[in-house]
Amino acid sequence: MTDLDLAGPSALTELSVAQAGALLRTGALTSVELVEHALRLIDAHDADLHAFVLVTREDALRRAVRADRELRAGVDRGPLHGIPYALKDILDAEGLPTTNHSRLTLDAVATEDSAVEARLRAGGGVLLGKLATYEFAFGGPSTDLPFPPAENPWHREHIPSGSSSGAGAAVAAGFLRVAFGSDTAGSLRGPAFHCGAVGLKPTYGSVSGHGATPLAPTMDHFGPLAWTVGDAAAGLQVIAGPDPRDARTREAPVPDFLSLLTGDVRGLRVGYSRSWYAADPGTLPEITEAIDRALVHLEERGAVVEECALPPYEVFDACGRIILIAEGFAVHEENLRRAPRSFGRFTYQKLMPGAGVAPDDLERAYQVRKELAAALDRRVFADHDVLITACGQTTAARVDAFGTDWPPPRLANDMQTIPFAVTGHPAMSLPLGFAGNGLPIGVQLVGRKFGEASLFRAGLSLESAFGRRETRPVLP
(Lines give C-alpha, C1' and ligand atoms only; values in the text may rest on other atoms or scores of the structure.)
Protein backbone atom coordinates (compact mmCIF):
# COMPACT_ATOMS: atom_id res chain seq x y z
CA MET A 1 0.00 0.00 0.00
CA THR A 2 1.10 3.58 -0.58
CA ASP A 3 2.06 6.25 1.92
CA LEU A 4 -1.31 7.85 1.29
CA ASP A 5 -2.73 5.61 4.02
CA LEU A 6 -1.02 7.89 6.53
CA ALA A 7 -3.25 10.79 5.50
CA GLY A 8 -6.37 9.01 6.71
CA PRO A 9 -9.24 7.03 5.20
CA SER A 10 -10.49 9.92 3.03
CA ALA A 11 -7.17 10.51 1.27
CA LEU A 12 -8.04 8.55 -1.87
CA THR A 13 -11.54 10.02 -2.00
CA GLU A 14 -10.19 13.56 -2.11
CA LEU A 15 -7.66 12.98 -4.88
CA SER A 16 -8.77 14.81 -8.00
CA VAL A 17 -8.68 12.99 -11.32
CA ALA A 18 -5.50 14.89 -12.19
CA GLN A 19 -3.85 14.16 -8.83
CA ALA A 20 -4.74 10.48 -8.96
CA GLY A 21 -3.56 10.31 -12.56
CA ALA A 22 -0.19 11.79 -11.67
CA LEU A 23 0.30 9.25 -8.88
CA LEU A 24 -0.77 6.39 -11.14
CA ARG A 25 1.82 7.39 -13.69
CA THR A 26 4.63 7.52 -11.13
CA GLY A 27 3.62 4.20 -9.58
CA ALA A 28 2.92 5.79 -6.18
CA LEU A 29 -0.69 4.64 -6.51
CA THR A 30 -2.41 1.86 -8.39
CA SER A 31 -5.75 1.69 -10.09
CA VAL A 32 -6.50 -1.45 -8.09
CA GLU A 33 -6.11 0.58 -4.89
CA LEU A 34 -8.49 3.22 -6.19
CA VAL A 35 -11.06 0.60 -7.17
CA GLU A 36 -10.81 -1.31 -3.91
CA HIS A 37 -11.24 1.93 -1.98
CA ALA A 38 -14.35 2.81 -3.99
CA LEU A 39 -15.80 -0.67 -3.52
CA ARG A 40 -15.30 -0.46 0.25
CA LEU A 41 -17.21 2.83 0.35
CA ILE A 42 -20.00 1.43 -1.81
CA ASP A 43 -20.24 -1.69 0.36
CA ALA A 44 -20.37 0.41 3.52
CA HIS A 45 -22.86 3.07 2.46
CA ASP A 46 -24.77 2.39 -0.74
CA ALA A 47 -27.33 0.14 0.90
CA ASP A 48 -28.65 3.39 2.37
CA LEU A 49 -28.07 5.77 -0.56
CA HIS A 50 -29.11 3.48 -3.47
CA ALA A 51 -26.84 5.29 -5.94
CA PHE A 52 -25.94 2.06 -7.79
CA VAL A 53 -28.30 -0.43 -9.41
CA LEU A 54 -25.37 -2.67 -10.40
CA VAL A 55 -21.77 -2.88 -9.18
CA THR A 56 -19.40 -4.63 -11.61
CA ARG A 57 -16.88 -5.64 -8.98
CA GLU A 58 -14.94 -8.39 -10.74
CA ASP A 59 -14.77 -6.66 -14.11
CA ALA A 60 -13.70 -3.40 -12.45
CA LEU A 61 -10.79 -5.13 -10.76
CA ARG A 62 -9.79 -6.79 -14.06
CA ARG A 63 -9.85 -3.43 -15.83
CA ALA A 64 -7.84 -1.86 -13.00
CA VAL A 65 -5.18 -4.58 -13.25
CA ARG A 66 -4.97 -3.97 -17.00
CA ALA A 67 -4.67 -0.20 -16.48
CA ASP A 68 -1.85 -0.67 -13.98
CA ARG A 69 -0.02 -2.99 -16.34
CA GLU A 70 -0.35 -0.55 -19.25
CA LEU A 71 0.76 2.46 -17.24
CA ARG A 72 3.83 0.58 -15.96
CA ALA A 73 4.65 -0.21 -19.59
CA GLY A 74 4.40 3.46 -20.56
CA VAL A 75 1.07 3.15 -22.35
CA ASP A 76 -0.96 6.27 -21.54
CA ARG A 77 -4.55 6.33 -22.79
CA GLY A 78 -5.49 9.75 -21.42
CA PRO A 79 -6.73 11.57 -18.33
CA LEU A 80 -9.07 8.82 -17.11
CA HIS A 81 -6.62 5.94 -17.52
CA GLY A 82 -7.00 3.87 -14.35
CA ILE A 83 -9.71 6.15 -12.90
CA PRO A 84 -12.97 4.59 -11.63
CA TYR A 85 -16.26 5.92 -13.04
CA ALA A 86 -19.86 4.78 -13.42
CA LEU A 87 -22.66 5.16 -15.98
CA LYS A 88 -26.23 6.31 -15.65
CA ASP A 89 -28.29 3.23 -16.42
CA ILE A 90 -29.52 4.47 -19.78
CA LEU A 91 -26.04 4.10 -21.33
CA ASP A 92 -25.19 0.70 -22.80
CA ALA A 93 -22.13 -1.25 -21.68
CA GLU A 94 -21.62 -4.52 -23.53
CA GLY A 95 -22.73 -7.55 -21.54
CA LEU A 96 -24.51 -5.52 -18.87
CA PRO A 97 -28.23 -4.84 -18.57
CA THR A 98 -29.44 -1.35 -19.41
CA THR A 99 -32.49 -1.37 -17.17
CA ASN A 100 -33.48 2.30 -17.51
CA HIS A 101 -34.78 1.80 -13.95
CA SER A 102 -37.87 0.21 -15.55
CA ARG A 103 -39.70 -3.09 -15.45
CA LEU A 104 -40.02 -2.85 -19.23
CA THR A 105 -36.26 -3.21 -19.84
CA LEU A 106 -35.13 -4.90 -16.66
CA ASP A 107 -33.41 -7.75 -18.51
CA ALA A 108 -32.26 -5.88 -21.63
CA VAL A 109 -28.57 -6.81 -21.92
CA ALA A 110 -26.51 -4.56 -24.17
CA THR A 111 -24.81 -6.24 -27.11
CA GLU A 112 -22.29 -3.43 -27.62
CA ASP A 113 -20.94 -0.40 -25.79
CA SER A 114 -22.58 2.97 -26.11
CA ALA A 115 -20.33 5.60 -27.68
CA VAL A 116 -19.71 7.09 -24.22
CA GLU A 117 -18.68 3.76 -22.74
CA ALA A 118 -16.58 2.83 -25.79
CA ARG A 119 -14.54 6.00 -25.41
CA LEU A 120 -14.15 5.57 -21.68
CA ARG A 121 -13.04 1.97 -22.17
CA ALA A 122 -10.61 2.98 -24.91
CA GLY A 123 -9.33 5.70 -22.58
CA GLY A 124 -8.42 3.15 -19.94
CA GLY A 125 -11.16 4.09 -17.48
CA VAL A 126 -12.46 1.56 -14.97
CA LEU A 127 -16.23 1.03 -14.98
CA LEU A 128 -17.60 0.39 -11.47
CA GLY A 129 -21.20 -0.15 -12.51
CA LYS A 130 -24.56 1.36 -13.38
CA LEU A 131 -26.21 4.23 -11.53
CA ALA A 132 -29.79 4.91 -10.52
CA THR A 133 -31.92 7.15 -12.70
CA TYR A 134 -35.54 8.14 -12.98
CA GLU A 135 -37.40 5.69 -15.22
CA PHE A 136 -36.27 6.24 -18.83
CA ALA A 137 -34.54 9.42 -17.57
CA PHE A 138 -37.96 10.96 -16.90
CA GLY A 139 -40.59 10.32 -14.26
CA GLY A 140 -39.54 11.11 -10.72
CA PRO A 141 -38.25 9.55 -7.48
CA SER A 142 -40.72 6.66 -7.65
CA THR A 143 -41.14 3.81 -5.20
CA ASP A 144 -43.10 1.67 -7.70
CA LEU A 145 -40.08 0.70 -9.81
CA PRO A 146 -37.62 -2.24 -9.68
CA PHE A 147 -35.05 -0.26 -7.67
CA PRO A 148 -35.48 2.26 -4.86
CA PRO A 149 -34.80 5.89 -5.73
CA ALA A 150 -31.38 7.29 -4.85
CA GLU A 151 -31.14 9.49 -1.77
CA ASN A 152 -29.30 12.74 -1.19
CA PRO A 153 -26.11 12.14 0.85
CA TRP A 154 -26.37 15.56 2.50
CA HIS A 155 -29.81 14.83 3.97
CA ARG A 156 -31.47 11.53 3.16
CA GLU A 157 -34.94 13.01 3.65
CA HIS A 158 -34.29 15.01 0.46
CA ILE A 159 -34.02 13.90 -3.16
CA PRO A 160 -30.74 14.16 -5.07
CA SER A 161 -32.81 15.51 -7.99
CA GLY A 162 -32.99 13.79 -11.33
CA SER A 163 -32.79 12.11 -13.57
CA SER A 164 -29.06 11.41 -13.10
CA SER A 165 -29.87 10.93 -9.44
CA GLY A 166 -27.47 8.08 -8.80
CA ALA A 167 -24.63 10.05 -10.36
CA GLY A 168 -25.25 13.01 -8.06
CA ALA A 169 -25.46 10.81 -4.99
CA ALA A 170 -22.39 8.71 -5.86
CA VAL A 171 -20.15 11.69 -6.59
CA ALA A 172 -21.26 13.68 -3.55
CA ALA A 173 -20.78 10.64 -1.32
CA GLY A 174 -17.21 10.25 -2.59
CA PHE A 175 -17.71 6.86 -4.23
CA LEU A 176 -16.44 8.38 -7.51
CA ARG A 177 -14.85 11.56 -8.77
CA VAL A 178 -16.73 11.43 -12.08
CA ALA A 179 -19.82 9.76 -13.50
CA PHE A 180 -21.55 10.00 -16.87
CA GLY A 181 -25.18 10.57 -17.72
CA SER A 182 -27.68 12.48 -19.82
CA ASP A 183 -29.30 15.89 -19.64
CA THR A 184 -32.49 16.52 -21.61
CA ALA A 185 -33.98 19.30 -19.48
CA GLY A 186 -31.47 19.48 -16.62
CA SER A 187 -30.80 15.88 -15.66
CA LEU A 188 -27.06 16.37 -15.06
CA ARG A 189 -27.22 19.94 -13.82
CA GLY A 190 -30.09 19.30 -11.39
CA PRO A 191 -28.45 16.48 -9.42
CA ALA A 192 -25.15 18.37 -9.45
CA PHE A 193 -26.87 21.47 -8.07
CA HIS A 194 -28.73 19.59 -5.35
CA CYS A 195 -25.78 17.38 -4.41
CA GLY A 196 -23.08 20.04 -4.42
CA ALA A 197 -21.21 18.77 -7.49
CA VAL A 198 -20.33 19.98 -10.99
CA GLY A 199 -22.70 18.96 -13.77
CA LEU A 200 -21.87 19.71 -17.38
CA LYS A 201 -24.34 19.64 -20.26
CA PRO A 202 -22.02 20.03 -23.24
CA THR A 203 -23.05 21.68 -26.49
CA TYR A 204 -25.66 19.67 -28.34
CA GLY A 205 -23.76 17.32 -30.63
CA SER A 206 -20.49 17.43 -28.69
CA VAL A 207 -20.94 13.89 -27.38
CA SER A 208 -22.47 10.98 -29.24
CA GLY A 209 -25.71 9.50 -28.00
CA HIS A 210 -25.22 6.21 -29.84
CA GLY A 211 -26.19 3.39 -27.50
CA ALA A 212 -28.07 5.64 -25.07
CA THR A 213 -31.79 5.17 -24.48
CA PRO A 214 -33.42 8.27 -26.00
CA LEU A 215 -35.91 10.51 -24.26
CA ALA A 216 -36.28 13.54 -26.56
CA PRO A 217 -33.68 13.08 -29.30
CA THR A 218 -33.47 16.75 -30.29
CA MET A 219 -32.82 17.75 -26.66
CA ASP A 220 -30.77 14.80 -25.35
CA HIS A 221 -27.23 15.73 -24.27
CA PHE A 222 -24.57 13.50 -22.68
CA GLY A 223 -21.83 14.54 -20.30
CA PRO A 224 -20.03 14.26 -16.96
CA LEU A 225 -21.13 14.89 -13.40
CA ALA A 226 -18.03 15.35 -11.26
CA TRP A 227 -16.73 16.64 -7.96
CA THR A 228 -14.69 19.51 -9.42
CA VAL A 229 -14.41 21.55 -12.58
CA GLY A 230 -11.13 19.83 -13.41
CA ASP A 231 -12.71 16.40 -13.01
CA ALA A 232 -15.56 17.42 -15.34
CA ALA A 233 -13.10 18.74 -17.92
CA ALA A 234 -11.21 15.45 -17.83
CA GLY A 235 -14.45 13.56 -18.38
CA LEU A 236 -15.49 15.68 -21.33
CA GLN A 237 -12.01 15.41 -22.84
CA VAL A 238 -12.45 11.65 -23.12
CA ILE A 239 -16.03 11.34 -24.36
CA ALA A 240 -16.37 14.32 -26.73
CA GLY A 241 -15.96 14.14 -30.49
CA PRO A 242 -17.71 13.21 -33.73
CA ASP A 243 -19.33 9.83 -34.30
CA PRO A 244 -20.54 8.68 -37.75
CA ARG A 245 -23.24 6.61 -36.02
CA ASP A 246 -24.84 9.75 -34.56
CA ALA A 247 -25.72 12.45 -37.08
CA ARG A 248 -26.16 14.95 -34.25
CA THR A 249 -22.41 15.10 -33.61
CA ARG A 250 -20.22 17.72 -35.25
CA GLU A 251 -17.12 16.97 -37.30
CA ALA A 252 -14.65 19.11 -35.39
CA PRO A 253 -11.53 18.47 -33.30
CA VAL A 254 -11.95 18.40 -29.52
CA PRO A 255 -10.08 21.25 -27.78
CA ASP A 256 -7.47 20.42 -25.16
CA PHE A 257 -9.70 21.44 -22.25
CA LEU A 258 -7.21 20.41 -19.59
CA SER A 259 -4.51 22.77 -20.86
CA LEU A 260 -6.97 25.66 -20.51
CA LEU A 261 -7.68 25.10 -16.80
CA THR A 262 -5.90 28.20 -15.57
CA GLY A 263 -8.70 29.98 -13.71
CA ASP A 264 -7.51 33.27 -15.19
CA VAL A 265 -10.62 35.31 -16.00
CA ARG A 266 -8.96 38.57 -17.02
CA GLY A 267 -10.74 39.93 -20.08
CA LEU A 268 -13.51 37.33 -19.90
CA ARG A 269 -16.82 38.95 -20.76
CA VAL A 270 -19.61 37.82 -18.43
CA GLY A 271 -23.31 38.59 -18.84
CA TYR A 272 -26.17 38.15 -16.41
CA SER A 273 -29.90 38.87 -16.31
CA ARG A 274 -31.41 39.25 -12.84
CA SER A 275 -34.93 39.31 -14.31
CA TRP A 276 -34.86 35.55 -14.72
CA TYR A 277 -34.43 34.74 -11.04
CA ALA A 278 -34.04 37.62 -8.60
CA ALA A 279 -37.62 38.92 -8.76
CA ASP A 280 -39.16 35.43 -8.70
CA PRO A 281 -40.58 34.68 -5.22
CA GLY A 282 -39.67 31.04 -5.80
CA THR A 283 -35.94 31.84 -5.75
CA LEU A 284 -34.27 31.57 -2.37
CA PRO A 285 -32.58 34.87 -1.44
CA GLU A 286 -29.48 32.84 -0.57
CA ILE A 287 -29.21 31.73 -4.19
CA THR A 288 -29.55 35.28 -5.53
CA GLU A 289 -26.89 36.40 -3.03
CA ALA A 290 -24.58 33.58 -4.14
CA ILE A 291 -24.92 34.64 -7.78
CA ASP A 292 -24.17 38.24 -6.79
CA ARG A 293 -21.02 37.10 -4.96
CA ALA A 294 -19.94 35.15 -8.02
CA LEU A 295 -20.34 38.20 -10.26
CA VAL A 296 -18.40 40.43 -7.87
CA HIS A 297 -15.63 37.84 -7.61
CA LEU A 298 -15.22 37.60 -11.38
CA GLU A 299 -15.24 41.36 -11.82
CA GLU A 300 -12.62 41.82 -9.09
CA ARG A 301 -10.38 39.36 -10.91
CA GLY A 302 -10.51 41.15 -14.22
CA ALA A 303 -13.65 39.90 -15.95
CA VAL A 304 -15.96 42.40 -17.63
CA VAL A 305 -19.38 41.90 -16.04
CA GLU A 306 -22.48 43.39 -17.67
CA GLU A 307 -26.22 42.97 -17.37
CA CYS A 308 -27.93 41.81 -20.55
CA ALA A 309 -31.48 41.26 -21.77
CA LEU A 310 -32.79 37.74 -22.32
CA PRO A 311 -36.02 36.58 -23.92
CA PRO A 312 -38.68 35.74 -21.30
CA TYR A 313 -37.88 32.58 -19.38
CA GLU A 314 -41.45 31.38 -19.79
CA VAL A 315 -41.05 31.14 -23.58
CA PHE A 316 -38.01 28.85 -23.25
CA ASP A 317 -39.87 26.78 -20.67
CA ALA A 318 -43.04 26.32 -22.74
CA CYS A 319 -41.08 25.55 -25.90
CA GLY A 320 -38.92 22.96 -24.17
CA ARG A 321 -41.78 21.21 -22.44
CA ILE A 322 -43.77 20.85 -25.67
CA ILE A 323 -40.79 19.30 -27.46
CA LEU A 324 -39.92 17.10 -24.49
CA ILE A 325 -43.32 15.53 -23.99
CA ALA A 326 -44.04 15.20 -27.71
CA GLU A 327 -40.75 13.48 -28.50
CA GLY A 328 -40.86 11.47 -25.27
CA PHE A 329 -44.32 10.16 -26.11
CA ALA A 330 -43.18 9.25 -29.62
CA VAL A 331 -40.21 7.28 -28.25
CA HIS A 332 -42.39 5.30 -25.83
CA GLU A 333 -45.72 5.27 -27.67
CA GLU A 334 -45.74 1.55 -28.44
CA ASN A 335 -45.24 0.53 -24.81
CA LEU A 336 -47.58 3.23 -23.54
CA ARG A 337 -50.32 1.70 -25.67
CA ARG A 338 -49.33 -1.95 -25.21
CA ALA A 339 -48.39 -2.07 -21.53
CA PRO A 340 -49.26 1.20 -19.78
CA ARG A 341 -49.28 -0.38 -16.33
CA SER A 342 -45.68 -1.49 -16.76
CA PHE A 343 -44.53 2.13 -16.38
CA GLY A 344 -44.08 3.77 -13.03
CA ARG A 345 -46.87 6.19 -12.20
CA PHE A 346 -44.75 9.34 -12.45
CA THR A 347 -43.33 8.33 -15.83
CA TYR A 348 -46.73 7.49 -17.26
CA GLN A 349 -48.24 10.73 -16.00
CA LYS A 350 -45.43 12.80 -17.49
CA LEU A 351 -45.30 11.05 -20.87
CA MET A 352 -48.99 10.78 -21.70
CA PRO A 353 -49.64 14.51 -22.25
CA GLY A 354 -47.37 14.20 -25.28
CA ALA A 355 -50.20 12.36 -27.02
CA GLY A 356 -52.09 15.64 -27.15
CA VAL A 357 -49.40 17.68 -28.89
CA ALA A 358 -50.53 18.30 -32.46
CA PRO A 359 -47.94 18.12 -35.26
CA ASP A 360 -48.44 21.80 -36.04
CA ASP A 361 -47.79 22.71 -32.40
CA LEU A 362 -44.58 20.69 -32.38
CA GLU A 363 -43.39 22.31 -35.60
CA ARG A 364 -44.12 25.71 -34.11
CA ALA A 365 -42.09 24.77 -31.03
CA TYR A 366 -39.17 23.78 -33.26
CA GLN A 367 -39.39 27.17 -35.00
CA VAL A 368 -39.52 29.01 -31.67
CA ARG A 369 -36.44 27.06 -30.59
CA LYS A 370 -34.51 28.38 -33.59
CA GLU A 371 -35.60 31.90 -32.76
CA LEU A 372 -34.61 31.55 -29.11
CA ALA A 373 -31.18 30.13 -29.97
CA ALA A 374 -30.60 32.96 -32.42
CA ALA A 375 -31.71 35.51 -29.82
CA LEU A 376 -29.20 34.16 -27.29
CA ASP A 377 -26.43 34.27 -29.86
CA ARG A 378 -27.34 37.82 -30.85
CA ARG A 379 -28.21 39.35 -27.46
CA VAL A 380 -25.71 37.56 -25.24
CA PHE A 381 -22.97 35.61 -26.96
CA ALA A 382 -22.14 38.15 -29.64
CA ASP A 383 -20.58 40.20 -26.84
CA HIS A 384 -20.11 37.80 -23.92
CA ASP A 385 -18.20 34.59 -23.33
CA VAL A 386 -20.27 33.38 -20.38
CA LEU A 387 -23.81 33.94 -19.12
CA ILE A 388 -24.39 33.46 -15.38
CA THR A 389 -27.86 32.68 -14.08
CA ALA A 390 -29.67 30.50 -11.58
CA CYS A 391 -29.50 26.73 -11.92
CA GLY A 392 -32.03 25.80 -9.26
CA GLN A 393 -34.24 28.21 -7.36
CA THR A 394 -34.45 26.16 -4.18
CA THR A 395 -32.51 23.53 -2.31
CA ALA A 396 -33.35 19.85 -2.81
CA ALA A 397 -36.97 18.94 -2.20
CA ARG A 398 -38.01 16.57 0.54
CA VAL A 399 -38.83 13.05 -0.57
CA ASP A 400 -42.30 13.37 0.92
CA ALA A 401 -43.07 16.27 -1.45
CA PHE A 402 -43.59 13.58 -4.10
CA GLY A 403 -46.82 12.15 -2.79
CA THR A 404 -50.02 11.09 -4.48
CA ASP A 405 -50.64 14.32 -6.37
CA TRP A 406 -49.14 15.09 -9.77
CA PRO A 407 -47.59 17.44 -10.55
CA PRO A 408 -45.87 17.83 -7.20
CA PRO A 409 -45.66 21.25 -5.53
CA ARG A 410 -43.71 23.90 -7.42
CA LEU A 411 -40.79 23.71 -5.00
CA ALA A 412 -40.43 19.96 -5.42
CA ASN A 413 -38.04 20.31 -8.36
CA ASP A 414 -37.76 23.94 -9.36
CA MET A 415 -34.89 24.16 -11.84
CA GLN A 416 -34.00 26.77 -14.45
CA THR A 417 -32.11 24.39 -16.70
CA ILE A 418 -34.45 23.73 -19.62
CA PRO A 419 -33.67 26.87 -21.70
CA PHE A 420 -30.20 25.70 -22.69
CA ALA A 421 -31.32 22.15 -23.41
CA VAL A 422 -33.73 23.80 -25.84
CA THR A 423 -31.07 25.92 -27.55
CA GLY A 424 -28.16 23.47 -27.28
CA HIS A 425 -25.72 25.91 -25.65
CA PRO A 426 -23.27 24.37 -23.16
CA ALA A 427 -24.27 24.86 -19.52
CA MET A 428 -22.63 23.90 -16.25
CA SER A 429 -23.95 23.73 -12.70
CA LEU A 430 -21.33 24.86 -10.20
CA PRO A 431 -21.64 24.64 -6.38
CA LEU A 432 -21.25 27.86 -4.39
CA GLY A 433 -21.62 26.62 -0.84
CA PHE A 434 -24.67 25.87 1.25
CA ALA A 435 -27.99 27.36 2.28
CA GLY A 436 -28.93 27.83 5.91
CA ASN A 437 -30.58 24.39 5.96
CA GLY A 438 -27.24 22.74 5.18
CA LEU A 439 -28.13 21.76 1.62
CA PRO A 440 -25.98 22.78 -1.39
CA ILE A 441 -26.67 25.76 -3.62
CA GLY A 442 -24.93 26.92 -6.76
CA VAL A 443 -24.99 28.78 -10.03
CA GLN A 444 -25.36 27.99 -13.75
CA LEU A 445 -22.74 29.04 -16.29
CA VAL A 446 -23.71 29.07 -19.98
CA GLY A 447 -21.43 29.55 -22.96
CA ARG A 448 -21.31 29.95 -26.70
CA LYS A 449 -21.86 26.75 -28.63
CA PHE A 450 -18.69 24.68 -28.35
CA GLY A 451 -17.43 27.22 -25.82
CA GLU A 452 -16.99 24.83 -22.89
CA ALA A 453 -13.45 26.12 -22.32
CA SER A 454 -14.86 29.47 -21.15
CA LEU A 455 -17.13 27.68 -18.69
CA PHE A 456 -14.17 25.82 -17.25
CA ARG A 457 -12.18 29.06 -17.08
CA ALA A 458 -14.85 30.93 -15.10
CA GLY A 459 -15.87 27.87 -13.14
CA LEU A 460 -12.38 27.15 -11.88
CA SER A 461 -12.03 30.69 -10.56
CA LEU A 462 -15.38 30.51 -8.76
CA GLU A 463 -14.70 27.04 -7.44
CA SER A 464 -11.41 28.17 -5.93
CA ALA A 465 -13.20 30.96 -4.07
CA PHE A 466 -16.53 29.41 -3.08
CA GLY A 467 -16.65 25.73 -3.98
CA ARG A 468 -15.81 24.30 -0.54
CA ARG A 469 -14.59 21.10 -2.15
CA GLU A 470 -13.10 20.01 1.16
CA THR A 471 -16.60 19.67 2.67
CA ARG A 472 -18.32 16.29 2.32
CA PRO A 473 -21.61 14.91 3.62
CA VAL A 474 -21.53 12.64 6.67
CA LEU A 475 -22.47 9.25 5.28
CA PRO A 476 -24.98 6.95 6.99
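Attention here is on the structure that accompanies the text. (Residues numbered from 1 in each chain as written. Predicted model: local features only at pLDDT ≥ 70, side-chain atom pairs only at ≥ 80, totals over all residues. Heavy atoms only, no water.)

**Looking at the overall build of the protein**
Heads up, the condition is: Helix numbering and strand numbering both begin at the N terminus, where a helix is a DSSP run of H or I of at least 4 residues and a strand a DSSP run of E of at least 2. C-alpha atoms define the radius of gyration in this analysis, and the globule rule sets the expected value at 2.2 Å times the number of residues to the power 0.38. Relative accessibility decides the category of a residue: with a 1.4 Å probe and only protein chains considered, values under 20% of the type maximum give buried, values over 50% give exposed, and everything between is partly exposed. Whether two residues are in contact is decided by their heavy atoms: any pair within 4.5 Å suffices. Only the protein chains shown count as cover for residues, and all accessible areas are computed by the Shrake-Rupley method using a 1.4 Å probe.
In terms of regular secondary structure, the protein is built from 13 helices and eleven strands. On C-alpha atoms alone, the protein measures out to a radius of gyration of 21 Å, which is about the 23 Å that the 2.2 N^0.38 rule sets for 476 residues. Counting only C-alpha atoms and orienting by the principal axes, one finds that the protein spans roughly 60 × 60 × 45 Å. The buried share among the 476 residues of the protein stands at 61%. Across the protein, every contact between residues at least 6 apart in sequence was considered, and the portion connecting residues at least 24 apart equals 79%. Surface summary for the protein: the accessible area is close to 17,600 Å², and the carbon and sulfur share equals 53%.

**Observations regarding the pairing of strand E10 (residues 427–434)**
As a general feature of sheets, a regular strand has side chains that alternate between the two faces. The cut-off we apply is this: Strand pairing is defined by DSSP finding a minimum of two bridges between the two strands.
When you tally the buried positions in E10, you get seven out of eight residues, the bulk of the element. Counting the residues that bridge the hairpin from E10 to strand E11 (residues 440–447) gives five residues, and of these glycine 438 lies at a positive phi of roughly 85°.

**Digging into the packing of helix H7 (residues 229–239) against helix H13 (residues 452–466)**
Geometry of a packed helix pair, given as the angle between the helix axes and the separation of the axes. Counted only if it meets this: Convention adopted: a line fitted to C-alpha atoms gives each axis, helices being fitted over their contacting stretch, and angles between N-to-C directions are expressed from 0 to 180 degrees. Any angle that falls under 35 degrees is termed roughly parallel, while one over 145 is termed roughly antiparallel, one within 65 to 115 roughly perpendicular, and all others oblique. Here the nonpolar group is Ala, Val, Leu, Ile, Met, Phe, Trp, Tyr, Cys and Pro; Asp, Glu, Lys and Arg are the charged ones; every other residue, Gly included, is treated as polar.
In the contact formed by H7 and H13, the axes pass within 9 Å of each other and the chain directions differ by 160°. As summarised for this structure, H7 and H13 are arranged roughly antiparallel, according to the angle between their axes. Mapping the contact onto sequence places Val229, Ala233 and Leu236 in H7 and Glu452, Phe456, Gly459, Leu460 and Glu463 in H13. Of the residues belonging to the contact of H7 with H13, the class tally is five nonpolar, one polar and two charged.

**Notes on the packing of aromatic side chains**
Inclusion rule: Note on aromatic pairs: the rings of Phe, Tyr and Trp (six-membered ring only in Trp) are paired at centre separations within 6.5 Å, and the planes decide the class, stacked below 30 degrees, edge-to-face beyond 60, tilted for the rest. Whether a charge sits over a ring comes down to the Lys NZ or Arg CZ being within 6 Å of the ring centre and within 35 degrees of the ring normal.
What the rule picks out here adds up to eight aromatic pairs. Taken together, a centroid distance of 4.9 Å and an interplanar angle of 65° make the contact between tryptophan 154 and phenylalanine 434 edge-to-face. Note that tryptophan 154 is positioned in the loop between strand E3 (126–131) and helix H5 (165–173) and phenylalanine 434 in strand E10, a separation of 280 residues in sequence. Consider the rings of tryptophan 276 and tyrosine 313, whose centres lie 5.2 Å apart with planes at 80°: the pair is edge-to-face. Within this pair, whereas tryptophan 276 is found in the loop between strand E7 (269–272) and helix H8 (285–300), its partner tyrosine 313 is found in helix H9 (residues 313–338), the two being separated by 37 residues in sequence. Here the aromatic residues Trp276, Tyr313, Phe316 and Phe420 are joined through ring pairs into a cluster of three or more. Between arginine 250 and the ring centre of phenylalanine 450, over which it is positioned, the NZ or CZ distance is 3.5 Å. Positioned above the aromatic ring of phenylalanine 138 is the side chain of lysine 350, whose terminal nitrogen or guanidinium carbon lies 4.4 Å from the ring centre.

**Examining H8**
Note the following rule: To estimate the expected span of a helix, count its residues, drop one, and scale the result by 1.5 Å.
With 16 residues, H8 should cover 22 Å at 1.5 Å per step; its first-to-last C-alpha distance of 22 Å lies within 8% of that length. Among the residues of H8, Ile287, Thr288, Ala290, Ile291, Ala294, Leu295, His297 and Leu298 are the ones counted as buried. Count one or two residues on from H8 and you reach glycine 302, which has phi positive near 105°.

**Considerations on empty space enclosed by the protein**
Rule in force here: A cavity, in this analysis, means grid points on a 1 Å lattice covering only the protein atoms where a 1.4 Å probe fits yet has no way out; a pocket is instead an open set bounded by protein on both sides within 12 Å along at least five of seven lines, and a residue lines either one if it has an atom within 4 Å of a point. Grid points are joined across faces, edges and corners, and a volume is the space filled by probe spheres set on the points.
Counting across every chain of the model gives three cavities of 30 Å³ or more. Taken as a whole, the largest cavity holds about 150 Å³ of empty space. Lining the largest cavity are 14 residues, and of these Leu12, Leu34, Pro84, Phe175 and Arg177 lie nearest its centre. Ranked by residues supplied to the lining of the largest cavity, first place goes to helix H2 (residues 31–49) with three residues.

**Comments concerning unusual backbone geometry**
For the bond running from glycine 162 to serine 163, omega is 10°, close enough to zero to count as cis. The residue serine 163 is located in the loop between E3 and H5 in this model. Although it is not a glycine, asparagine 100 adopts a positive phi angle of roughly 55°. The residue asparagine 100 is located in the loop between strand E2 (84–88) and helix H4 (115–122) in this model. Classification of asparagine 100 as buried rests on a relative accessible area of 3%. Of note in this structure, serine 161 is not a glycine but carries a positive phi near 80°. Relative to the assigned elements, serine 161 resides in the loop between E3 and H5. Classification of serine 161 by relative accessible area gives buried; the value is 0%.

**A few points about the pairing of strand E4 (residues 178–183)**
For E4, the buried fraction is high: six of the six residues fall into the buried class. Burial along E4 is two-sided: Val178, Phe180 and Ser182 facing one way and Ala179, Gly181 and Asp183 facing the other are all buried. In this structure, E2 lies alongside E4, joined through two bridges in parallel fashion. Paired with alanine 86 across the strands is alanine 179, a residue of E4.

**Points about the side chain of aspartate 89**
Note the following rule: Two N or O atoms form a polar contact when they lie within 3.5 Å of each other; inside protein one atom must be a possible hydrogen donor and the other a possible acceptor, and for residues adjacent in sequence the pair counts only when both atoms belong to side chains.
The topology assignment puts aspartate 89 in the loop between E2 and H4. Of note is the side chain of aspartate 89, whose polar atom sits 2.4 Å from the side chain of threonine 99. Apart from residues no more than four positions distant in its own chain, aspartate 89 is found in contact with Val53, Pro97, Thr98, Thr99, Asn100, His101, Lys130 and Leu131.

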